[in-house]
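Residue-level listing of the chains:
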Amino acid sequence: MQRLRIKNILSEGNTGQAVNICGWVRTRRESKGIGFIALSDGSTQETLQLVVPEASQAFQKLIHCNTGAAIKATGLLKESPAQGQRFEVEVSGIEIFGDADPVSYPLQKKGHTLEFLREIGHLRPRTNTFGAVFRVRNILAEAVHEFFQCRGFIWVHTPIITASDCEGAGDLFTVTSLDLQKPPKGDNGDIDFTQDFFGKHAYLTVSGQLEAEFLAMSLGDVYTFGPTFRAENSNTSRHLSEFWMIEPEMAFADLKDDMQLAEEFFRFLCRKILEKGESDIAFLEKFYKNTSIAELKTLAEKPFVHISYTEAIKELEKSKEKFEFPVKWGLDLQSEHERYLTDKVFKGPVIVTDYPKEIKAFYMRLNPDEKTVAAMDILVPKIGEIIGGSQREERLEVLTERMRHAEIPFENMEWYLDLRRYGSAPHAGFGLGFERLVQYITGMSNIRDVIPCPRAPQTIKF
Ligand code: ATP
Ligand code: MN
(Lines give C-alpha, C1' and ligand atoms only; values in the text may rest on other atoms or scores of the structure.)
(Ligands and ions follow the chains in the order given, each with its own letter.)
Protein backbone atom coordinates (compact mmCIF):
# COMPACT_ATOMS: atom_id res chain seq x y z
CA MET A 1 0.00 0.00 0.00
CA GLN A 2 1.32 3.40 -0.99
CA ARG A 3 1.79 6.15 1.53
CA LEU A 4 -0.87 8.84 1.48
CA ARG A 5 -0.10 12.45 2.20
CA ILE A 6 -1.90 14.08 5.10
CA LYS A 7 -3.02 16.88 2.81
CA ASN A 8 -4.77 14.40 0.52
CA ILE A 9 -6.25 12.38 3.36
CA LEU A 10 -7.82 15.50 4.84
CA SER A 11 -9.27 16.63 1.54
CA GLU A 12 -10.34 13.39 -0.08
CA GLY A 13 -10.19 10.59 2.51
CA ASN A 14 -13.09 8.30 3.40
CA THR A 15 -13.97 6.80 6.75
CA GLY A 16 -13.07 3.14 6.97
CA GLN A 17 -10.32 3.53 4.38
CA ALA A 18 -7.06 1.68 5.11
CA VAL A 19 -4.12 4.08 5.08
CA ASN A 20 -0.35 4.15 5.34
CA ILE A 21 1.10 7.42 6.44
CA CYS A 22 4.69 8.45 6.99
CA GLY A 23 5.94 11.50 8.81
CA TRP A 24 7.59 12.99 11.87
CA VAL A 25 6.14 12.91 15.35
CA ARG A 26 5.16 16.32 16.66
CA THR A 27 3.80 15.22 20.02
CA ARG A 28 2.94 12.02 21.82
CA ARG A 29 0.79 11.52 24.89
CA GLU A 30 -1.05 8.75 26.64
CA SER A 31 -4.39 8.88 28.33
CA LYS A 32 -6.46 6.06 29.83
CA GLY A 33 -4.46 3.33 28.13
CA ILE A 34 -4.62 4.98 24.69
CA GLY A 35 -1.66 6.50 22.92
CA PHE A 36 -2.03 9.66 20.81
CA ILE A 37 0.46 10.93 18.28
CA ALA A 38 0.24 14.12 16.25
CA LEU A 39 2.02 13.35 12.99
CA SER A 40 3.23 15.87 10.44
CA ASP A 41 4.47 15.04 6.95
CA GLY A 42 5.12 18.51 5.55
CA SER A 43 2.34 18.35 2.96
CA THR A 44 0.11 20.69 4.94
CA GLN A 45 -0.08 22.83 8.05
CA GLU A 46 -2.33 20.24 9.72
CA THR A 47 -1.11 17.25 11.71
CA LEU A 48 -2.99 13.97 11.66
CA GLN A 49 -3.95 12.38 14.95
CA LEU A 50 -2.91 8.74 15.36
CA VAL A 51 -4.81 6.79 17.98
CA VAL A 52 -3.05 3.70 19.31
CA PRO A 53 -5.19 1.42 21.51
CA GLU A 54 -3.42 -0.57 24.23
CA ALA A 55 -4.58 -3.83 22.67
CA SER A 56 -2.77 -3.04 19.41
CA GLN A 57 0.74 -4.41 18.87
CA ALA A 58 1.74 -0.91 17.86
CA PHE A 59 1.34 0.20 21.46
CA GLN A 60 4.76 -1.31 22.33
CA LYS A 61 6.37 0.94 19.76
CA LEU A 62 5.06 4.14 21.30
CA ILE A 63 8.08 4.44 23.54
CA HIS A 64 10.21 5.11 20.43
CA CYS A 65 7.82 7.70 19.03
CA ASN A 66 9.51 10.72 20.56
CA THR A 67 9.07 14.19 19.16
CA GLY A 68 11.04 14.30 15.91
CA ALA A 69 11.02 10.54 15.23
CA ALA A 70 10.27 9.41 11.66
CA ILE A 71 7.62 6.71 11.56
CA LYS A 72 5.16 4.88 9.36
CA ALA A 73 1.69 4.16 10.70
CA THR A 74 -0.84 1.75 9.25
CA GLY A 75 -4.48 1.80 10.19
CA LEU A 76 -8.04 2.80 9.40
CA LEU A 77 -9.35 6.28 8.84
CA LYS A 78 -12.03 7.27 11.36
CA GLU A 79 -14.25 10.25 11.87
CA SER A 80 -12.59 12.18 14.68
CA PRO A 81 -14.62 12.96 17.80
CA ALA A 82 -12.11 15.68 18.69
CA GLN A 83 -12.77 19.26 17.69
CA GLY A 84 -10.98 20.91 14.79
CA GLN A 85 -10.07 17.78 12.86
CA ARG A 86 -12.11 15.71 10.48
CA PHE A 87 -10.20 12.45 10.61
CA GLU A 88 -7.98 10.43 12.86
CA VAL A 89 -6.29 7.10 12.26
CA GLU A 90 -6.90 4.04 14.39
CA VAL A 91 -3.47 2.53 14.24
CA SER A 92 -2.78 -1.19 13.95
CA GLY A 93 0.92 -1.06 13.10
CA ILE A 94 3.83 1.30 13.59
CA GLU A 95 7.24 1.09 11.96
CA ILE A 96 10.03 3.27 13.36
CA PHE A 97 12.38 4.62 10.68
CA GLY A 98 14.46 6.79 12.97
CA ASP A 99 13.99 7.70 16.61
CA ALA A 100 14.98 11.13 17.97
CA ASP A 101 16.67 11.56 21.35
CA PRO A 102 14.18 13.57 23.45
CA VAL A 103 16.97 15.24 25.42
CA SER A 104 19.10 16.50 22.56
CA TYR A 105 16.47 17.08 19.82
CA PRO A 106 16.67 20.85 19.29
CA LEU A 107 13.00 21.41 18.45
CA GLN A 108 11.23 21.24 21.76
CA LYS A 109 7.55 21.90 22.15
CA LYS A 110 8.04 25.41 23.46
CA GLY A 111 8.19 28.15 20.86
CA HIS A 112 11.64 29.04 19.55
CA THR A 113 12.78 32.43 18.35
CA LEU A 114 13.38 32.92 14.64
CA GLU A 115 17.01 33.81 15.49
CA PHE A 116 17.49 30.46 17.21
CA LEU A 117 15.84 28.62 14.33
CA ARG A 118 18.29 30.28 11.90
CA GLU A 119 21.05 28.45 13.81
CA ILE A 120 19.39 25.13 13.03
CA GLY A 121 18.55 25.76 9.39
CA HIS A 122 18.50 22.04 8.65
CA LEU A 123 15.71 21.36 11.15
CA ARG A 124 13.66 24.55 11.00
CA PRO A 125 11.56 23.41 8.00
CA ARG A 126 9.95 20.96 10.44
CA THR A 127 8.35 23.80 12.37
CA ASN A 128 4.88 25.12 11.58
CA THR A 129 6.31 28.49 10.64
CA PHE A 130 8.87 27.34 8.11
CA GLY A 131 6.60 24.64 6.75
CA ALA A 132 4.08 27.40 6.01
CA VAL A 133 6.67 29.75 4.52
CA PHE A 134 8.18 27.16 2.19
CA ARG A 135 4.79 25.92 1.03
CA VAL A 136 3.75 29.51 0.28
CA ARG A 137 7.04 29.99 -1.58
CA ASN A 138 6.23 26.95 -3.69
CA ILE A 139 2.73 28.17 -4.52
CA LEU A 140 4.14 31.53 -5.58
CA ALA A 141 6.85 29.94 -7.73
CA GLU A 142 4.27 27.85 -9.54
CA ALA A 143 1.99 30.86 -9.94
CA VAL A 144 4.81 32.89 -11.50
CA HIS A 145 5.11 30.36 -14.30
CA GLU A 146 1.36 30.00 -14.64
CA PHE A 147 0.91 33.75 -15.03
CA PHE A 148 3.51 34.16 -17.75
CA GLN A 149 2.80 30.92 -19.55
CA CYS A 150 -0.92 31.75 -19.78
CA ARG A 151 0.03 35.05 -21.39
CA GLY A 152 2.33 33.46 -23.95
CA PHE A 153 5.62 34.59 -22.41
CA ILE A 154 8.57 32.30 -23.10
CA TRP A 155 10.70 31.23 -20.16
CA VAL A 156 14.34 31.83 -21.04
CA HIS A 157 17.39 30.72 -19.09
CA THR A 158 19.94 33.48 -18.85
CA PRO A 159 23.48 32.73 -17.66
CA ILE A 160 24.64 32.64 -14.07
CA ILE A 161 28.25 33.31 -15.03
CA THR A 162 28.71 36.50 -17.02
CA ALA A 163 31.42 38.84 -18.26
CA SER A 164 29.31 41.98 -18.12
CA ASP A 165 29.94 44.03 -15.02
CA CYS A 166 28.12 47.15 -16.11
CA GLU A 167 24.68 46.75 -14.59
CA GLY A 168 25.74 48.99 -11.78
CA ALA A 169 23.56 47.02 -9.41
CA GLY A 170 25.95 46.60 -6.52
CA ASP A 171 29.13 44.65 -6.17
CA LEU A 172 29.81 41.46 -8.02
CA PHE A 173 31.27 38.13 -7.00
CA THR A 174 34.21 37.07 -9.14
CA VAL A 175 34.22 33.59 -10.67
CA THR A 176 37.76 32.36 -11.20
CA SER A 177 39.92 29.27 -11.46
CA LEU A 178 43.15 31.20 -10.99
CA ASP A 179 45.46 30.20 -8.15
CA LEU A 180 44.50 32.76 -5.53
CA GLN A 181 47.85 32.41 -3.79
CA LYS A 182 49.78 33.27 -6.94
CA PRO A 183 47.53 34.93 -9.53
CA PRO A 184 49.24 35.95 -12.78
CA LYS A 185 49.91 39.69 -12.96
CA GLY A 186 50.13 42.04 -15.95
CA ASP A 187 52.72 44.78 -16.43
CA ASN A 188 50.68 47.22 -14.38
CA GLY A 189 50.53 44.84 -11.42
CA ASP A 190 46.84 44.02 -11.86
CA ILE A 191 45.65 40.43 -12.04
CA ASP A 192 45.84 39.18 -15.64
CA PHE A 193 42.40 37.73 -16.28
CA THR A 194 43.27 36.80 -19.86
CA GLN A 195 44.93 33.80 -18.24
CA ASP A 196 41.78 32.94 -16.29
CA PHE A 197 39.35 30.18 -17.24
CA PHE A 198 37.24 32.28 -19.59
CA GLY A 199 40.06 34.54 -20.74
CA LYS A 200 38.20 37.43 -19.16
CA HIS A 201 37.21 38.60 -15.72
CA ALA A 202 33.98 36.70 -15.02
CA TYR A 203 31.32 37.29 -12.39
CA LEU A 204 28.17 35.81 -10.93
CA THR A 205 25.25 37.59 -12.54
CA VAL A 206 23.38 40.38 -10.75
CA SER A 207 20.50 40.27 -13.23
CA GLY A 208 19.47 38.47 -16.38
CA GLN A 209 18.02 41.60 -17.95
CA LEU A 210 20.57 42.38 -20.63
CA GLU A 211 20.37 38.85 -22.00
CA ALA A 212 16.58 38.82 -21.61
CA GLU A 213 16.55 41.91 -23.83
CA PHE A 214 18.11 40.14 -26.81
CA LEU A 215 15.75 37.23 -26.30
CA ALA A 216 12.76 39.60 -26.22
CA MET A 217 14.07 41.24 -29.39
CA SER A 218 13.62 37.91 -31.14
CA LEU A 219 11.01 35.91 -29.22
CA GLY A 220 8.71 38.79 -28.29
CA ASP A 221 7.68 38.37 -24.67
CA VAL A 222 10.03 36.44 -22.39
CA TYR A 223 10.77 36.04 -18.70
CA THR A 224 13.57 34.72 -16.55
CA PHE A 225 13.25 33.12 -13.13
CA GLY A 226 16.59 32.27 -11.64
CA PRO A 227 19.24 33.01 -9.05
CA THR A 228 21.15 36.29 -8.93
CA PHE A 229 24.05 37.34 -6.73
CA ARG A 230 25.13 40.58 -5.12
CA ALA A 231 28.25 41.07 -3.04
CA GLU A 232 27.04 44.27 -1.39
CA ASN A 233 27.87 44.33 2.26
CA SER A 234 24.34 45.12 3.35
CA ASN A 235 23.29 43.39 6.51
CA THR A 236 19.61 44.32 6.32
CA SER A 237 16.37 42.44 6.74
CA ARG A 238 15.63 42.76 2.97
CA HIS A 239 18.95 41.94 1.30
CA LEU A 240 20.44 38.56 0.51
CA SER A 241 23.71 37.85 -1.32
CA GLU A 242 21.97 35.12 -3.33
CA PHE A 243 18.35 35.64 -4.28
CA TRP A 244 15.94 34.65 -7.01
CA MET A 245 14.71 37.18 -9.49
CA ILE A 246 11.85 37.17 -11.97
CA GLU A 247 12.46 39.39 -14.99
CA PRO A 248 9.87 39.71 -17.73
CA GLU A 249 10.93 41.58 -20.85
CA MET A 250 8.42 42.63 -23.52
CA ALA A 251 9.07 43.71 -27.08
CA PHE A 252 6.88 46.49 -28.52
CA ALA A 253 5.98 47.75 -25.06
CA ASP A 254 6.36 51.01 -23.15
CA LEU A 255 6.40 51.96 -19.48
CA LYS A 256 2.59 51.90 -19.25
CA ASP A 257 2.45 48.34 -20.53
CA ASP A 258 5.20 47.46 -18.09
CA MET A 259 3.32 48.86 -15.08
CA GLN A 260 0.11 47.21 -16.16
CA LEU A 261 1.86 43.85 -16.42
CA ALA A 262 3.44 44.30 -12.97
CA GLU A 263 0.13 45.16 -11.33
CA GLU A 264 -1.75 42.31 -12.95
CA PHE A 265 1.07 39.97 -11.98
CA PHE A 266 0.94 41.08 -8.38
CA ARG A 267 -2.81 40.71 -8.15
CA PHE A 268 -2.67 37.29 -9.78
CA LEU A 269 -0.12 36.09 -7.21
CA CYS A 270 -2.31 37.33 -4.34
CA ARG A 271 -5.31 35.48 -5.77
CA LYS A 272 -3.34 32.25 -6.13
CA ILE A 273 -2.15 32.41 -2.54
CA LEU A 274 -5.71 32.87 -1.32
CA GLU A 275 -6.77 29.94 -3.47
CA LYS A 276 -4.04 27.48 -2.53
CA GLY A 277 -2.31 28.69 0.59
CA GLU A 278 -5.05 30.00 2.81
CA SER A 279 -4.38 27.68 5.76
CA ASP A 280 -0.68 28.55 5.78
CA ILE A 281 -1.42 32.28 5.62
CA ALA A 282 -4.02 31.86 8.35
CA PHE A 283 -1.37 30.27 10.56
CA LEU A 284 1.15 33.06 9.90
CA GLU A 285 -1.52 35.68 10.49
CA LYS A 286 -2.41 34.15 13.82
CA PHE A 287 1.16 33.86 15.13
CA TYR A 288 2.98 36.82 13.64
CA LYS A 289 0.22 39.25 12.69
CA ASN A 290 2.29 40.67 9.82
CA THR A 291 0.14 39.28 7.05
CA SER A 292 -3.58 38.83 6.78
CA ILE A 293 -6.06 37.16 4.55
CA ALA A 294 -8.21 40.30 4.52
CA GLU A 295 -5.24 42.39 3.40
CA LEU A 296 -4.37 39.93 0.62
CA LYS A 297 -7.98 40.02 -0.54
CA THR A 298 -7.76 43.80 -0.84
CA LEU A 299 -4.43 43.57 -2.64
CA ALA A 300 -5.88 41.09 -5.09
CA GLU A 301 -8.42 43.71 -6.19
CA LYS A 302 -7.13 47.19 -5.68
CA PRO A 303 -5.17 49.17 -8.31
CA PHE A 304 -1.89 50.66 -7.08
CA VAL A 305 -1.30 54.34 -6.45
CA HIS A 306 0.84 55.93 -9.18
CA ILE A 307 3.03 58.97 -8.51
CA SER A 308 6.07 60.43 -10.20
CA TYR A 309 9.40 60.72 -8.43
CA THR A 310 8.97 64.50 -8.47
CA GLU A 311 5.59 64.20 -6.71
CA ALA A 312 7.10 61.73 -4.23
CA ILE A 313 9.81 64.24 -3.34
CA LYS A 314 7.17 66.92 -2.79
CA GLU A 315 5.23 64.55 -0.54
CA LEU A 316 8.37 63.84 1.49
CA GLU A 317 9.30 67.51 1.73
CA LYS A 318 5.83 68.25 3.12
CA SER A 319 6.20 65.66 5.86
CA LYS A 320 7.03 66.45 9.47
CA GLU A 321 8.86 63.11 9.84
CA LYS A 322 12.53 63.33 10.85
CA PHE A 323 14.39 61.34 8.18
CA GLU A 324 17.93 60.14 8.64
CA PHE A 325 18.79 60.76 4.97
CA PRO A 326 18.24 64.03 3.13
CA VAL A 327 15.27 64.55 0.80
CA LYS A 328 16.06 66.53 -2.31
CA TRP A 329 15.19 66.30 -6.01
CA GLY A 330 18.05 64.35 -7.59
CA LEU A 331 18.83 62.13 -4.60
CA ASP A 332 17.73 58.51 -4.47
CA LEU A 333 14.85 57.48 -2.22
CA GLN A 334 16.11 55.63 0.84
CA SER A 335 14.19 52.80 2.42
CA GLU A 336 12.86 55.11 5.17
CA HIS A 337 11.43 57.42 2.48
CA GLU A 338 9.89 54.54 0.57
CA ARG A 339 8.27 53.21 3.68
CA TYR A 340 6.96 56.61 4.67
CA LEU A 341 5.15 56.76 1.33
CA THR A 342 3.70 53.24 1.54
CA ASP A 343 3.03 52.94 5.28
CA LYS A 344 2.06 56.49 6.22
CA VAL A 345 0.88 58.40 3.15
CA PHE A 346 -0.77 55.89 0.82
CA LYS A 347 -1.18 52.86 3.11
CA GLY A 348 -0.59 50.37 0.33
CA PRO A 349 1.60 49.64 -2.70
CA VAL A 350 2.81 52.65 -4.67
CA ILE A 351 4.38 52.87 -8.12
CA VAL A 352 6.93 55.66 -8.40
CA THR A 353 7.86 56.64 -11.95
CA ASP A 354 10.22 58.92 -13.87
CA TYR A 355 13.31 59.08 -11.67
CA PRO A 356 16.20 61.45 -12.37
CA LYS A 357 18.50 59.87 -14.95
CA GLU A 358 21.58 60.31 -12.74
CA ILE A 359 20.38 57.83 -10.12
CA LYS A 360 19.14 55.14 -12.51
CA ALA A 361 20.84 52.68 -14.84
CA PHE A 362 22.15 53.78 -18.25
CA TYR A 363 19.75 51.56 -20.20
CA MET A 364 16.57 53.27 -19.00
CA ARG A 365 14.84 55.34 -21.67
CA LEU A 366 15.43 59.06 -21.52
CA ASN A 367 12.20 61.05 -21.19
CA PRO A 368 11.49 64.09 -23.43
CA ASP A 369 12.41 66.39 -20.49
CA GLU A 370 15.95 64.93 -20.78
CA LYS A 371 16.22 64.98 -16.99
CA THR A 372 14.28 61.89 -16.05
CA VAL A 373 14.02 58.32 -17.33
CA ALA A 374 11.04 56.03 -17.95
CA ALA A 375 11.64 54.01 -14.79
CA MET A 376 9.19 52.60 -12.29
CA ASP A 377 9.74 51.16 -8.84
CA ILE A 378 6.98 49.40 -6.99
CA LEU A 379 7.11 50.01 -3.26
CA VAL A 380 5.13 48.02 -0.72
CA PRO A 381 4.44 48.58 2.98
CA LYS A 382 7.00 47.31 5.50
CA ILE A 383 9.53 46.36 2.81
CA GLY A 384 9.96 49.23 0.38
CA GLU A 385 11.12 48.41 -3.14
CA ILE A 386 9.92 45.06 -4.41
CA ILE A 387 10.03 45.68 -8.17
CA GLY A 388 12.35 47.82 -10.26
CA GLY A 389 11.57 48.26 -13.94
CA SER A 390 11.82 50.53 -16.94
CA GLN A 391 11.29 51.09 -20.59
CA ARG A 392 14.67 50.47 -22.20
CA GLU A 393 16.52 53.00 -24.35
CA GLU A 394 16.07 51.78 -27.93
CA ARG A 395 17.75 54.76 -29.69
CA LEU A 396 21.37 54.00 -30.51
CA GLU A 397 22.59 57.61 -30.28
CA VAL A 398 20.94 58.27 -26.95
CA LEU A 399 22.11 54.98 -25.49
CA THR A 400 25.76 55.42 -26.49
CA GLU A 401 25.70 58.95 -25.12
CA ARG A 402 24.40 57.69 -21.78
CA MET A 403 27.00 54.91 -21.71
CA ARG A 404 29.75 57.44 -22.32
CA HIS A 405 28.40 59.63 -19.55
CA ALA A 406 28.20 56.69 -17.13
CA GLU A 407 31.67 55.53 -18.22
CA ILE A 408 30.45 52.10 -19.24
CA PRO A 409 33.20 50.30 -21.20
CA PHE A 410 32.01 49.56 -24.75
CA GLU A 411 34.16 46.49 -25.34
CA ASN A 412 31.80 43.92 -23.77
CA MET A 413 28.71 45.80 -24.87
CA GLU A 414 28.85 45.78 -28.65
CA TRP A 415 26.27 43.02 -28.77
CA TYR A 416 23.93 45.12 -26.65
CA LEU A 417 24.34 48.04 -29.03
CA ASP A 418 23.73 45.72 -32.00
CA LEU A 419 20.18 45.31 -30.73
CA ARG A 420 19.80 49.05 -31.39
CA ARG A 421 21.50 48.79 -34.78
CA TYR A 422 19.46 45.96 -36.21
CA GLY A 423 15.69 45.99 -35.83
CA SER A 424 15.54 48.09 -32.69
CA ALA A 425 12.09 48.47 -31.13
CA PRO A 426 10.58 49.87 -27.95
CA HIS A 427 10.74 47.35 -25.15
CA ALA A 428 10.30 47.27 -21.41
CA GLY A 429 10.59 44.98 -18.43
CA PHE A 430 11.07 44.71 -14.70
CA GLY A 431 12.77 42.69 -11.97
CA LEU A 432 10.91 41.29 -9.01
CA GLY A 433 12.98 39.94 -6.13
CA PHE A 434 11.28 36.64 -5.37
CA GLU A 435 12.26 36.58 -1.68
CA ARG A 436 10.93 40.11 -1.17
CA LEU A 437 7.65 38.90 -2.63
CA VAL A 438 7.57 35.87 -0.32
CA GLN A 439 8.47 38.16 2.56
CA TYR A 440 5.65 40.51 1.72
CA ILE A 441 3.04 37.77 1.33
CA THR A 442 4.04 35.80 4.43
CA GLY A 443 4.77 38.87 6.55
CA MET A 444 8.11 37.44 7.71
CA SER A 445 10.10 40.40 8.89
CA ASN A 446 13.52 39.06 7.91
CA ILE A 447 14.30 37.97 4.35
CA ARG A 448 16.59 35.26 5.76
CA ASP A 449 13.47 33.45 6.92
CA VAL A 450 11.92 32.97 3.49
CA ILE A 451 14.72 31.05 1.75
CA PRO A 452 15.94 27.65 2.95
CA CYS A 453 19.64 28.51 2.90
CA PRO A 454 20.15 32.27 3.27
CA ARG A 455 23.38 33.76 1.96
CA ALA A 456 24.45 37.04 3.53
CA PRO A 457 27.73 38.56 4.70
CA GLN A 458 29.38 36.04 7.07
CA THR A 459 26.42 33.69 6.67
CA ILE A 460 26.75 30.42 4.77
CA LYS A 461 26.35 27.69 7.38
CA PHE A 462 23.72 25.60 5.63
P1 ATP B 1 17.59 47.94 -3.20
O2 ATP B 1 17.62 49.41 -3.52
O3 ATP B 1 16.43 47.52 -2.36
O4 ATP B 1 18.90 47.40 -2.70
P5 ATP B 1 18.01 47.58 -6.02
O6 ATP B 1 17.42 48.85 -6.52
O7 ATP B 1 19.48 47.45 -5.90
O8 ATP B 1 17.35 47.20 -4.60
P9 ATP B 1 17.32 46.21 -8.45
O10 ATP B 1 18.67 46.18 -9.03
O11 ATP B 1 16.34 47.19 -8.96
O12 ATP B 1 17.44 46.36 -6.85
O13 ATP B 1 16.73 44.72 -8.47
C14 ATP B 1 15.37 44.41 -8.75
C15 ATP B 1 14.68 43.77 -7.57
O16 ATP B 1 15.46 42.72 -6.99
C17 ATP B 1 14.45 44.72 -6.41
O18 ATP B 1 13.32 45.47 -6.62
C19 ATP B 1 14.30 43.78 -5.24
O20 ATP B 1 13.01 43.21 -5.20
C21 ATP B 1 15.26 42.66 -5.58
N22 ATP B 1 16.54 42.78 -4.90
C23 ATP B 1 17.56 43.61 -5.18
N24 ATP B 1 18.61 43.41 -4.37
C25 ATP B 1 18.26 42.41 -3.56
C26 ATP B 1 18.95 41.71 -2.50
N27 ATP B 1 20.19 42.02 -2.16
N28 ATP B 1 18.29 40.70 -1.88
C29 ATP B 1 17.02 40.39 -2.24
N30 ATP B 1 16.33 41.00 -3.21
C31 ATP B 1 16.94 42.00 -3.87
MN1 MN C 1 15.86 49.04 -8.00
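The rules behind the values
Residues numbered from 1 in each chain as written. Chains lettered and ligands numbered in written order. Predicted model: local features only at pLDDT ≥ 70, side-chain atom pairs only at ≥ 80, totals over all residues. Heavy atoms only, no water. Helix = DSSP H or I, 4+ residues; strand = E, 2+ residues; numbered from the N terminus. Buried < 20%, exposed > 50% of the residue type's maximum accessible area, 1.4 Å probe, protein only. Contact = heavy atoms within 4.5 Å. Areas by Shrake-Rupley, 256 points an atom, 1.4 Å probe, with all protein chains shown as cover. Near = heavy atom within 4 Å. Polar contact = N/O pair within 3.5 Å; in protein donor to acceptor, adjacent residues only side chain to side chain. Nonpolar A, V, L, I, M, F, W, Y, C, P; charged D, E, K, R; others polar. Pairing = 2+ DSSP bridges. Axes fitted to C-alpha atoms, helices over the stretch in contact; angles between N-to-C directions. Parallel < 35°, antiparallel > 145°, perpendicular 65-115°, else oblique. Left-handed = near helix turned anticlockwise from the far one by under 90°. Salt bridge = Lys/Arg side-chain N within 4 Å of Asp/Glu carboxyl O.

(A) Layout of the overall build of the protein chain. Within the protein chain, the secondary structure is distributed over twelve helices and 16 strands. By residue count, 51% of the 462 residues in the protein chain fall in the buried class. Counted over contacts in the protein chain with a minimum sequence separation of 6, partners at least 24 positions apart contribute 67%. Counting every atom, the protein chain has about 22,600 Å² of accessible surface; 52% of that belongs to carbon and sulfur.

(B) Spatial organisation of the site of ligand 1. Near ligand 1 lie 16 residues; those nearest to it are His239, Leu240, Glu385, Ile386 and Arg436. Between an oxygen atom of ligand 1 and a side-chain N or O atom of glutamate 385, the distance comes to 2.7 Å. Here an oxygen atom of ligand 1 and a backbone polar atom of isoleucine 387 are 3.5 Å apart. Contact with the protein chains hides 82% of the accessible area of ligand 1, taken as 580 Å² for the molecule alone. Residue assignment for the shell around ligand 1 shows that the elements contributing at least two residues are strand E11 (242-251), strand E15 (384-391) and strand E16 (427-433). The element contributing the most residues to the shell around ligand 1 is E15, with four residues. Considered class by class, the residues forming the shell around ligand 1 number seven nonpolar, four polar and five charged.

(C) Spotlight on the sheet that holds strand E7 (residues 161-162). An order of E7-E9-E8 is seen for the three strands of this open sheet, with the pairing classed as antiparallel. Looking at the sheet topology across the chains shown, the edges are occupied by E7 and strand E8 (174-175). Sheet topology note: the E7/strand E9 (residues 202-204) ladder contains two bridges and is antiparallel. By the bridge assignment, isoleucine 161 is partnered in E9 with leucine 204.

(D) Highlighting the packing of helix H8 (residues 309-318) against helix H9 (residues 335-345). Running from N to C, H8 and H9 point in directions that differ by 80°, and their axes come no closer than 11 Å. Classed by the angle they form, the pair H8 and H9 counts as roughly perpendicular. Facing H8, whose interface residues are Ala312, Glu315 and Leu316, H9 presents His337, Tyr340, Leu341 and Val345. Split by residue class, the contact of H8 with H9 holds five nonpolar, one polar and one charged.

(E) Highlighting the pairing of E15. Counting buried positions over the eight residues of E15 gives six, a clear majority of the element. Sheet analysis places strand E14 (residues 375-380) next to E15, joined by six bridges and oriented antiparallel. Following the sheet pairing, valine 380 is matched in E15 by glycine 384. Where E14 folds back on E15, the antiparallel hairpin that results is connected by three residues, among which lysine 382 adopts a positive phi of roughly 70°. Here E15 pairs with E16 via five bridges, running antiparallel.

(F) Region of interest: the packing of helix H3 (residues 128-150) against helix H6 (residues 278-288). Look at H3 against H6: their axes get within 9 Å of each other, and the N-to-C directions meet at 135°. In terms of their interaxial angle, H3 and H6 are classed as oblique. In terms of crossing hand, the pair formed by H3 and H6 is left-handed. Of H6, the residues touching H3 (which contributes Asn128, Thr129, Ala132, Val133, Arg135 and Val136) are Asp280, Ile281, Phe283, Leu284 and Tyr288. In terms of residue class, the contact of H3 with H6 is made up of seven nonpolar, two polar and two charged.

(G) Local environment of the pattern of salt bridges. Inspection of the entire model under this criterion finds 23 salt bridges. Among the ionic pairs, arginine 124 bridges to aspartate 449, the shortest N-O distance being 3.2 Å. Here the residue arginine 124 occupies a position in the loop between helix H2 (114-119) and H3, and aspartate 449 occupies one in the segment after helix H12 (434-442), the gap between them amounting to 325 residues. Like arginine 124, the residue aspartate 449 is buried in the burial classification. Through salt bridges with shared partners, a single network forms among Arg118, Arg124 and Asp449.

Nothing here speaks to function; it is all geometry.
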